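Fold and contact review
One letter stands for each residue in the lines below.
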Protein chains: 2
Amino acid sequence: MAVNVCHFLPSQLSSFIPTCRLLALKSSKVRITCSAKPLSSHMEARGKFLEFPHASAPIRALMFDLVSTVENRLDSQLSPCTLPPDVQYFENQNGNAQASLQIRSGLNSSSIDFILGSWIHCELPTGALNITSLSAYLNSSTDAPNFLIELIQSSPTSLIFILDLPPRKDLVLDPDYLHTFYESTKLDTYRQMLEKVPEVRPYFSPTLYIRCAVSPTAIMVRIETESGESARTEEIVRSYVDPVAKELLEIWLNQCACAEREVEETDKAYLEKRDSVNRSKTIEIDLASSFPRLFGQEVADRVIGEIRKVYTGT
Amino acid sequence: MAVNVCHFLPSQLSSFIPTCRLLALKSSKVRITCSAKPLSSHMEARGKFLEFPHASAPIRALMFDLVSTVENRLDSQLSPCTLPPDVQYFENQNGNAQASLQIRSGLNSSSIDFILGSWIHCELPTGALNITSLSAYLNSSTDAPNFLIELIQSSPTSLIFILDLPPRKDLVLDPDYLHTFYESTKLDTYRQMLEKVPEVRPYFSPTLYIRCAVSPTAIMVRIETESGESARTEEIVRSYVDPVAKELLEIWLNQCACAEREVEETDKAYLEKRDSVNRSKTIEIDLASSFPRLFGQEVADRVIGEIRKVYTGT
């Protein structure tokens, strides 16, 4: 249930990554300390986020590389994360649910609206649930697609993997947009590549809105290995999930985030409307129902309030 | 290849079904005669269509029942098929590709734009390909979804089954529409039912536009049984495909075709635009590339010309 509800929980990103920190985090010997106390400073919260302390080694490495790539490429266009420290890291009263959230807004001159990263760790009666994600939202100076990756691990042998460039226009009404971003980029070849792995099955989100919001080339799969075969899950992440995610991020950076698109005034109004409905709906689906249950009403209200500010630009 | 190209080939429907004809066609002992000559009269062409002469017994029975249900329910709103006889039935020069097409337009007072039925039979080097389909398009007096069923059988043990109420609005921008037609109708339960059959796998159309045009609850599956197990394919059609298709048609008739919806003028213009792009794209994908190859340029031009008239209302 939590996997479904949390399914599209907002994703994780960060501010400036000093090279030494990068190297330290890249090393498999990095020591991870999990403090149960609220973090007091931005730097500490940011470090906590970048540790992905509960993710498996290959997911941690992948997420760290993705965050680094985005930050290296877009750094000059992004403000540092200004969320309050108790929104950058929070937990429930029992300490069995913890989460880290980083949001960096784009500067006025940028086509980036904001980049959002998160991880969530919950000890559920069924076992540990770990969600790591990264998403990037563009503003209405461009109509290019957004970026989204989410990994939902409900056991060492069960992983849901979502990777997409969610479209910002109605593809039925705009076949040229479909051609530009999805056909000519051959995005479906990546989905097909994953599909060939025997342990990989298509995943249908129980939330219909999520199925509508993704592109026709979205990778939405469930990776299930035999009981005790967590090494095989990790191997699939390293051999397939990791390279495909990196390829897609490159495509997004080159052809969406950093490519000029002319947007007419009427189109701008349309994009703003569609983005706005999409974001409100995303908050409702991802957070409004699951966060109070996971973190208590007070924490949920605080965190959702901050996310809503970013989503609605207020 | 042909399965892909023909994938959404327009579907089959008919005019008035006299009761005696219905009974004759429902009987499993009905004798099917396949004349290779062009049919000369509307009645003859209509009879030919209703025979579904190349479909397997359970598909023939299902298609006949669906056509009958639609006609019984909507008959007073539909004109008879006025396609020229050589468009209602046509074949290629060698006689190894044959097709039957029936289109009935809705009367001015109706919300039905037109209902289109077809079957196609081709002898390919890889074996016989049989496509049977039925689709129903509403006009802009309502924004309710259309109806579509398509069965593509490329061998006795391999069947692609597509069943959907394709939306006529952008579901990301209109969550209420999603709720009305897809969530509250619990359409996804039918997809889930099919998904549980061991021989059933999700089917991803190679044409991205088709993936965009269907709803989030669309049934798009491939049914593959073991070599020589054509009886199992037929059993799956009888036990799952048949009842699910009939349930969905009932939902479409009750909640889309026969339900009043208020559509404002601006919405009407939007629907007309979206329907128009969708239909042009459908002709391009389904017919423009495959029909000349299957039936020769002359036949293809004649048939596509007539279909285009209906699709564009000219």
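Residues numbered from 1 in each chain as written. Chains lettered and ligands numbered in written order. Predicted model: local features only at pLDDT ≥ 70, side-chain atom pairs only at ≥ 80, totals over all residues. Heavy atoms only, no water.

1. Describing the overall build of chain A
Looking only at helices and strands, one finds 12 helices and 8 strands in chain A. By the burial criterion, 59% of the 314 residues in chain A qualify as buried. Of the contacts formed within chain A by residues at least 6 apart in sequence, a portion of 70% connects residues at least 24 apart. (Helix = DSSP H or I, 4+ residues; strand = E, 2+ residues; numbered from the N terminus. Buried < 20%, exposed > 50% of the residue type's maximum accessible area, 1.4 Å probe, protein only. Contact = heavy atoms within 4.5 Å.)

2. Some remarks on the relation of the copies chain A and chain B
Superposition record for chain A on chain B: RMSD 0.0 Å, screw rotation 180°, translation along axis 0.0 Å. The operation mapping one copy onto its partner corresponds to a two-fold rotation axis. For chain A, the residue whose C-alpha comes nearest the rotation axis is D170(A), separated from it by 2.9 Å. (Least-squares fit on C-alpha atoms with pLDDT ≥ 70 in both.)

3. Some details on the packing of aromatic side chains
Inspection of every chain in the model, using the stated rule, returns 20 aromatic pairs over all chains. Through successive ring pairs, a cluster of aromatic residues spans F90(A), F291(A) and F295(A). Directly above the ring of Y209(B) sits K281(B), whose terminal nitrogen or CZ lies 5.8 Å from the centroid. (Phe/Tyr/Trp six-rings, centres within 6.5 Å; stacked < 30°, edge-to-face > 60°. Lys NZ or Arg CZ within 6 Å of the ring centre and 35° of its normal.)

4. Considerations on the packing of helix α4 (residues 57-74) of chain A against helix α9 (residues 230-257) of chain A
All names here are of chain A. Two numbers describe how α4 lies on α9: the axes approach to 10 Å, and their chain directions differ by 15°. In terms of orientation, α4 lies roughly parallel with respect to α9. In terms of crossing hand, the pair formed by α4 and α9 is right-handed. Of the residues in the contact of α4 with α9, the class split is 13 nonpolar, 2 polar and 7 charged. (Axes fitted to C-alpha atoms, helices over the stretch in contact; angles between N-to-C directions. Parallel < 35°, antiparallel > 145°, perpendicular 65-115°, else oblique. Left-handed = near helix turned anticlockwise from the far one by under 90°. Nonpolar A, V, L, I, M, F, W, Y, C, P; charged D, E, K, R; others polar.)

5. Overview of the pairing of strand β5 (residues 147-155) of chain B
Residue and element names in this part refer to chain B. Within β5, 7 of the 9 residues are buried, which leaves the element mostly enclosed by the surrounding structure. Looking at chain direction, strand β4 (residues 127-138) and β5 are connected through 7 bridges and run antiparallel. Following the sheet pairing, I131 is matched in β5 by I152. Two elements, β5 and strand β6 (residues 158-164), share 7 bridges in a ladder whose sense is antiparallel. Considered in β6, the bridge of Q153 is made with L159. (Pairing = 2+ DSSP bridges.)

6. Points about helix α12 (residues 297-312) of chain B
Residues and elements named next belong to chain B. End to end, α12 covers 21 Å across 16 residues, agreeing with the expected 22 Å (1.5 Å per residue, within 8%). When we look at burial in α12, the residues that qualify are V299, A300, V303, I304, E306, I307, V310 and Y311. Here the buried residues of α12 occupy an arc of 160° about the axis, which is enough to place them on one side. Following α12 by one or two positions, G313 adopts a phi angle in the positive range, close to 70°. (Expected span 1.5 Å × (residues − 1). Arc of directions from axis to C-beta.)

7. What about unusual backbone geometry?
Trans is the common state for peptide bonds, and a negative phi is the common state for residues other than glycine. You will see that K186(A), though not glycine, has its phi angle at about 55°, which is positive. Summarising the element assignment, K186(A) is placed in the loop between α6 (175-183) and α7 (188-195). Residue K186(A) is classed as exposed on the basis of its relative accessible area, which comes to 56%. Of note in this structure, F52(B) is not a glycine but carries a positive phi near 40°.

8. A look at the sheet that holds strand β3 (residues 112-124) of chain B
Residue and element names in this part refer to chain B. Strand order in the open sheet formed by 8 strands is β1-β2-β3-β4-β5-β6-β8-β7, with antiparallel pairing between adjacent strands. The open sheet terminates on both sides in strands that have one partner only, identified here as β1 (89-91) and β7 (200-202). Within the sheet, the average angular offset between the axes of one strand and its neighbour, ignoring direction, is 15°. Taken strand by strand, helix α3 (residues 42-51) contacts β1, β2 (97-105) and β3, and its axis lies near 110° from that of β2. Against the sheet, helix α10 (residues 265-288) touches β3 and β4, its axis set at about 165° to β4.

9. A closer look at the interface of chain A and chain B
Often, the extent of an interface is quoted as the loss of accessible area upon association of its parts. Opposite the 26 residues of chain A that make contact, chain B presents 26 residues. Roughly 2,400 Å² is buried in total at the junction of chain A and chain B, and carbon and sulfur atoms are behind 72% of that figure. Of all residues in chain A, V172(A), L173(A) and L208(A) bury the most surface against chain B, accounting for 26% of the area lost on that side. Where chain A packs against chain B, one counts 4 salt bridges. One salt bridge connects R211(A) with D188(B), and the closest N-O pair in it is separated by 2.7 Å. Applying the counting rule to chain A against chain B returns 8 residue pairs in polar contact (both at pLDDT 80 or more). It is helix α10 (residues 265-288) of chain A that contributes the most residues to the side of chain A that touches chain B, 6 residues altogether. Looking at the side of chain A that touches chain B, its residues break down into 15 nonpolar, 2 polar and 9 charged. (Buried area = accessible area lost by both parts, 1.4 Å probe. Salt bridge = Lys/Arg side-chain N within 4 Å of Asp/Glu carboxyl O. Polar contact = N/O pair within 3.5 Å; in protein donor to acceptor, adjacent residues only side chain to side chain.)

10. Some remarks on the environment of P145(A)
All names here are of chain A. Among the structural elements, P145 can be located in the loop between β4 (127-138) and β5 (147-155). A C-alpha to C-alpha distance of 6.3 Å links P145 and C256, two positions 111 residues apart in sequence. In contact with P145, not counting residues within four places along its chain, are L138, L165, P166, P167, R168, Y177, F181, Y182, W252 and C256.

11. Quick notes on the pairing of strand β8 (residues 219-224) of chain A
All names here are of chain A. Where strand β6 (residues 158-164) and β8 come together, 6 bridges link them in antiparallel fashion. Directly across from I162, in β8, lies its bridge partner M220. In this structure, strand β7 (residues 200-202) lies alongside β8, joined through 3 bridges in antiparallel fashion. The residue bridging V200 from the neighbouring strand is I223, located in β8.

12. A short note on the confidence of the model for chain A
Caution applies to low-pLDDT regions: their predicted coordinates should not be interpreted in detail. All names here are of chain A. Per-residue pLDDT for chain A averages 87, and the proportion of residues at 70 or more is 87%. α6 holds the highest mean pLDDT among the elements of chain A, 98, whereas helix α2 (residues 19-26) holds the lowest, 31. Low confidence marks residues 1-36, where pLDDT is under 50. Its contacts with residues over four positions away, or in another chain, come to 133 contacts. With a pTM of 0.88, the predicted complex shows an ipTM of 0.87. (pLDDT = per-residue confidence, 0-100.)

13. Points about the sheet that holds strand β2 (residues 97-105) of chain A
Residue and element names in this part refer to chain A. If you trace the 8 strands from one edge of the open sheet to the other, you get β1-β2-β3-β4-β5-β6-β8-β7, paired in antiparallel fashion. Single-partner strands in this sheet number two, and they are β1 (89-91) and β7. Direction aside, the axes of adjacent strands within the sheet are offset by 15° on average. The strands touched by helix α3 (residues 42-51) within the sheet are β1, β2 and β3 (112-124), with β2 carrying the most contacts at an inclination of about 110°.

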